[in-house]
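Architecture and fold: a report
Residues per chain, in single letters:
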Amino acid sequence: MRQLVIAERVCLIGHILAKAFGLVGILLVIPHAEFILSFGGVGETAMQMSLADGGVVDIILGTVAVSIYAYRVLGWRNWLSFMLPAVLISVGSELLGTSTGFPFGDYSYLSGLGYKIAGLVPFTIPLSWFYVGLSSYLIARAGLGVATKPSLVRQIGAIALGALFFTCWDFALEPAMSQTSFPFWYWEHPGAFFGTPYQNYAGWFGTSALFMSVAAVLWRNISIKLERSQLSVPMIVYLSNFVFAAGLSLGSGFVLPVSLGLFFGVIPAVILWSRVANTVPSVAVTPTNTEVSVTSIKVGVK
C-alpha cells in the first residue's frame with residue numbers, strides 16, 4: 001500500500017507541474033515564440049514538449065493519480081463502477097457532439113490533445129471527464145453526508161452539486177481553450193457567452209449528471225464514508241484544474257466566466273469540504289449482556 005501512495009503522490013505532483021508548465025507555455029512561450037525558436041533544435045523541442053505533448057502528459061498523470069487514489073480509498077469495484085460509465089458516457093457524448101452538434105453545439109477538436117478516437121475526439125478528453133468528475137462528485141457526496149445520512153434527496157443533491165462543480169470548471173476552461181493563441185478546439189458558430197454557446201454548459205451538466213447518476217445507482221448499497229483528509233486528493237485535483245483554466249482565461253481577459261466558476265463551483269466545494277468531519281465515526285458496536293448464574297453455596301462453620 002505504501003508503494004501505491006508514493007506512486008499516487010508522484011503522479012499528482014507531476015500532474016500539477018505539467019499544468020504549470022503548460023500554463024507558462026501558453027501565456028509566455030507562445031507570445032515570445034521567435035525568441036524560443038532562435039535557440040534552434042532545443043527551442044523547437046521545448047515548444048513541442050510545452051504545447052503539443054504537455055496536455056497529453058498532464059491528463060494521463062491526472063488519470064493515473066486519481067485511479068490509484070480511488071482504488072486505494074474506494075476499492076477497485078467502486079473505482080471501476082465510476083470510471084467506466086464516466087469514460088464511456090463522456091466519449092459517446094463527445095462523439096455525438098462533434099458529429100451532430102448535440103449536446104454541446106457545433107465544435108471540432110484541434111491537434112493538441114493527442115490521438116483522436118474516430119478522428120474526432122482526443123482520447124484524453126474522456127479521461128479528464130473521469131478524474132475531474134470523480135473529484136467533483138466525491139466532494140459533493142461527502143459534503144452532503146450521503147453516506148452518514150442516506151436519503152434520496154441527498155443522493156439527488158450530490159449528483160446535482162457534483163455536476164455543477166464539474167460544469168463550473170468549464171466556465172473557466174472554455175474561453176481559454178478555444179480562443180487563446182494556442183487553442184485546443186474551436187466553435188463552428190461561436191456562441192453568445194464569450195464565444196461559447198449556452199448549450200455547451202447544459203451539455204456539460206447533463207453528461208456529467210448522467211454518469212454520476214449511474215455511479216450513484218451502482219453505489220446504492222455501499223457505504224462510502226470519507227473523512228476530510230481522505231478528500232485531499234479530490235480537492236487538490238479540482239482546485240489545480242480550475243486554477244489552470246482560470247489562469248489561461250484571465251490571461252486572455254475573460255474575467256466573468258472565471259468569476260462564475262469561482263462563486264458557483266470553487267467556493268461551495270471548499271465549504272462542503274470543510275464541513276466533512278476529520279474523523280469518520282466508528283462503527284457502533286452494541287455490547288452483549290451475558291448473565292451468569294452463580295449457584296449459592298452455603299458454608300457451615302463449626
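For every chain, the first residue of the written sequence is number 1, and numbering continues from 1 onward in sequence order. Local features in a predicted model are, by the rule used here, given only for residues with pLDDT of at least 70; side-chain atom pairs are given and counted only at 80 or more, and totals for whole chains, interfaces and linings are based on all residues. Hydrogen atoms and water are omitted, and side-chain values are computed over all heavy atoms in the structure.

Looking at an unreviewed UniProt entry, one finds the chain named Carotenoid biosynthesis protein and attributed to Aetokthonos hydrillicola Thurmond2011.

1. Digging into the UniProt feature "transmembrane region" (unreviewed entry) in the chain
UniProt positions are given in the numbering used here, feature names are shortened, and annotations may be inferred rather than shown by experiment. The UniProt feature table records "transmembrane region" (unreviewed entry) at residues 12-30, 50-71, 78-97, 117-140, 152-172, 201-219, 231-248 and 254-273. Put simply, DSSP H or I for four residues or longer makes a helix, DSSP E for two residues or longer makes a strand, and each gets a number counted from the N terminus. In this annotation, residues 152-172 is assigned 100% helix and 0% strand; the end-to-end C-alpha distance for the span is 31 Å.

2. Here we look at the side chain of Ser178
Of note, Ser178 is situated in helix α6 (residues 152-179). The definition of a polar contact used here is a pair of N or O atoms within 3.5 Å, where within protein one atom must be able to donate a hydrogen and the other to accept one, and adjacent residues in sequence count solely through side-chain atom pairs. Polar contacts involving the side chain of Ser178 include one to the main-chain carbonyl oxygen of Glu174, which spans 2.9 Å.

3. Thoughts on empty space enclosed by the protein
Grid points spaced at 1 Å and placed over the protein atoms alone form the basis of the search, with a cavity being a set where a 1.4 Å probe fits but cannot get out and a pocket an open set showing protein on both sides within 12 Å along at least five of seven lines. Lining residues have an atom within 4 Å of a point. Grid points are joined across faces, edges and corners, and a volume is the space filled by probe spheres set on the points. Under the defined criterion, the tally for this structure stands at three cavities of 30 Å³ or more. Looking at the largest cavity, its volume works out to about 380 Å³. Along the walls of the largest cavity sit 30 residues, with Leu113, Ile125, Leu173, Met177 and Trp185 positioned nearest its centre. Broken down by secondary-structure element, the contributors of at least two residues to the lining of the largest cavity are α1 (2-29), α3 (41-73), β1 (107-109), α5 (124-143), α6, β4 (185-187), α7 (198-218) and α8 (232-251). For the lining of the largest cavity, the element with the most residues is α3, which contributes six residues. Along the lines of polarity and charge, the residues of the lining of the largest cavity split into 19 nonpolar, seven polar and four charged. Any residue that is not Ala, Val, Leu, Ile, Met, Phe, Trp, Tyr, Cys, Pro, Asp, Glu, Lys or Arg is counted as polar, Gly included; the first ten are nonpolar and the last four charged.

4. Details of the packing of aromatic side chains
The rule is short: rings of Phe, Tyr and Trp, with Trp giving its six-membered ring, pair when the centres are within 6.5 Å, and they are stacked under 30 degrees, edge-to-face over 60, tilted in between. Following the criterion strictly, the structure yields 25 aromatic pairs and no others. Measuring from ring centre to ring centre gives 6.1 Å for Phe171 and Phe193, while their planes differ by 70°; the resulting arrangement is edge-to-face. Linking Phe171 in helix α6 with Phe193 in the loop between β4 and α7, this pair joins segments that are 22 residues apart in sequence. Over the face of the ring belonging to Trp273 we find Arg228, whose NZ or CZ atom lies 5.9 Å from the ring centre. Comment: the charge-over-ring label is applied if NZ (Lys) or CZ (Arg) is within 6 Å of the ring centre and within 35 degrees of the ring normal.

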